[in-house]
Amino acid sequence: NYLLRVKKRRNLYRQLGIPALANKGSRVIEFGSGGGYNALLLLNEFGCSHIDLVEPNETGRQEIEILFDQYNIGKELYTVHSDILENYYTNETYDIIIAEQFFHTFDNWKCCLQSLKRLAHKDSIIVFTCENEIGLYVESMKRAVARYYVKDVDSYDKKVDLLCKFFEGQLKNMPYMSRPIKDWVEDQIFCTAECSECLMNIKDAMLDYQFEFDILGTSQNIFTDWSWYKEWDYNYYQDYLKQYDEKKHMFLIAGECEEYRRSQNENETLEKAVIDANRTAWAIENGSFDIGVLKSKVEKVTESIDNCVIKDFNEELIK
């Protein structure tokens with residue numbers, strides 16, 4: 001599992017445009033560090049000089065200490081802080097600033113972006129997670145079906161057990177599935193963090209940070225950059241915004257089709273259909289089990305796409 005984590009992290013940083021050399025000797029701050037696994041790799045494999053870990057959860061802070069002791073990470077290489085992103089204050093700036101997998105679902109994500117910016121110097125790298133509802137569609141539908149499947153079961157543990165069996169065949173066919181099925185079910189089916197109506201997407205972040213930071217990369221990457229080749233007045237930010245609008249359908253399911261563009265109007269129609277379907281799916285999670293309404297919303301998504309994989313997925317979903 002450790003070697004798999006290293007490989008995955010190297011691949012992620014490569015796609016984000018962060019070479020290994022950028023981590024070497026760097027001062028890093030990570031918000032929402034959890035049990036410290038990503039931070040461990042930064043210290044143990046990528047050679048950062050010091051990392052501040054800001055983790056509000058006491059269990060997470062304890063797990064960091066245990067994990068780092070297990071791998072003989074010196075106390076001088078890290079500091080653990082009990083705080084949240086919005087409240088954390090320091091006069092220091094950092095080479096690399098990381099805030100993954102949480103604040104993109106917050107109502108105050110703009111404030112969080114500004115908090116990260118205050119920790120940066122001229123050449124800092126900021127890494128954070130974005131999301132959009134098109135990218136959530138498949139998982140939202142899986143959650144809705146799963147919640148409907150166990151709607152008459154009272155015990156949480158029994159629900160988890162039934163869904164482990166329900167998804168077992170699918171997950172065992174995923175060669176890079178590195179965590180227990182039970183953990184996946186609890187995180188993906190019963191965690192409600194992604195059910196947010198104010199998700200920060202890539203375009204939102206670009207508009208908030210535009211002209212203050214370069215965009216190094218994304219994962220999955222949908223941008224083609226010819227700025228080195230273009231005329232002097234070429235604005236790659238504006239081109240990226242246009243590319244986002246014409247390629248955001250690619251977030252429906254990563255890696256299942258070749259990159260191509262659609263008109264902004266087509267993708268706006270798709271996004272509206274997906275948002276309607278997601279909202280209906282989230283209502284199911286709150287006890288409104290109107291499957292007929294969900295089916296009609298899924299059919300609208302099918303009408304808005306030309307992706308055969310999603311069309312087949314929707315057909316199975318309706319059955």
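Residues numbered from 1 in each chain as written. Predicted model: local features only at pLDDT ≥ 70, side-chain atom pairs only at ≥ 80, totals over all residues. Heavy atoms only, no water.

1. Considerations on a nonpolar patch on the surface
A contiguous nonpolar surface patch, about 270 Å² in accessible area, is contributed by V145, Y149 and F166. Examined against the element boundaries, Y149 turns out to sit in helix α6 (residues 133–149). (Patch = residues over 30% accessible without salt bridge, like charges linked within 9 Å, V, L, I, M, F, W, Y side chains within 5 Å. Areas by Shrake-Rupley, 256 points an atom, 1.4 Å probe, with all protein chains shown as cover. Salt bridge = Lys/Arg side-chain N within 4 Å of Asp/Glu carboxyl O. Helix = DSSP H or I, 4+ residues; strand = E, 2+ residues; numbered from the N terminus.)

2. What to know about the sheet that holds strand β4 (residues 94–99)
Read from one edge to the other, the open sheet built from five strands follows the order β3-β2-β1-β4-β5, with strand pairing classed as parallel. Each edge of the open sheet carries a strand with a single partner, namely β3 (78–81) and β5 (120–128). Neighbour-to-neighbour, the strand axes of this sheet turn through a mean angle of 15°, independent of strand direction. Where strand β1 (residues 27–31) and strand β2 (residues 50–54) come together, five bridges link them in parallel fashion. (Pairing = 2+ DSSP bridges. Axes fitted to C-alpha atoms, helices over the stretch in contact; angles between N-to-C directions.)

3. Here we look at the packing of helix α12 (residues 291–303) against helix α13 (residues 308–318)
Contact geometry of α12 with α13 gives a least axis separation of 10 Å together with a crossing angle of 165°. The orientation of α12 with respect to α13, classified from their angle, is roughly antiparallel. Relative to α13, α12 is oriented so that their crossing is left-handed. From α12, K295, V298, E299, V301 and T302 reach across to α13, where they touch K311, N314, L317 and I318. (Parallel < 35°, antiparallel > 145°, perpendicular 65-115°, else oblique. Left-handed = near helix turned anticlockwise from the far one by under 90°. Contact = heavy atoms within 4.5 Å.)

4. Re the pairing of β5
Both β4 and β5 contribute to a ladder of five bridges, which runs parallel. Bridge pairing in β5 places I96 opposite I125. With helix α5 (residues 109–118) bridging β4 and its parallel neighbour β5, the resulting β-α-β unit is right-handed. (Right-handed = clockwise from strand over helix to strand, strands pointing away.)

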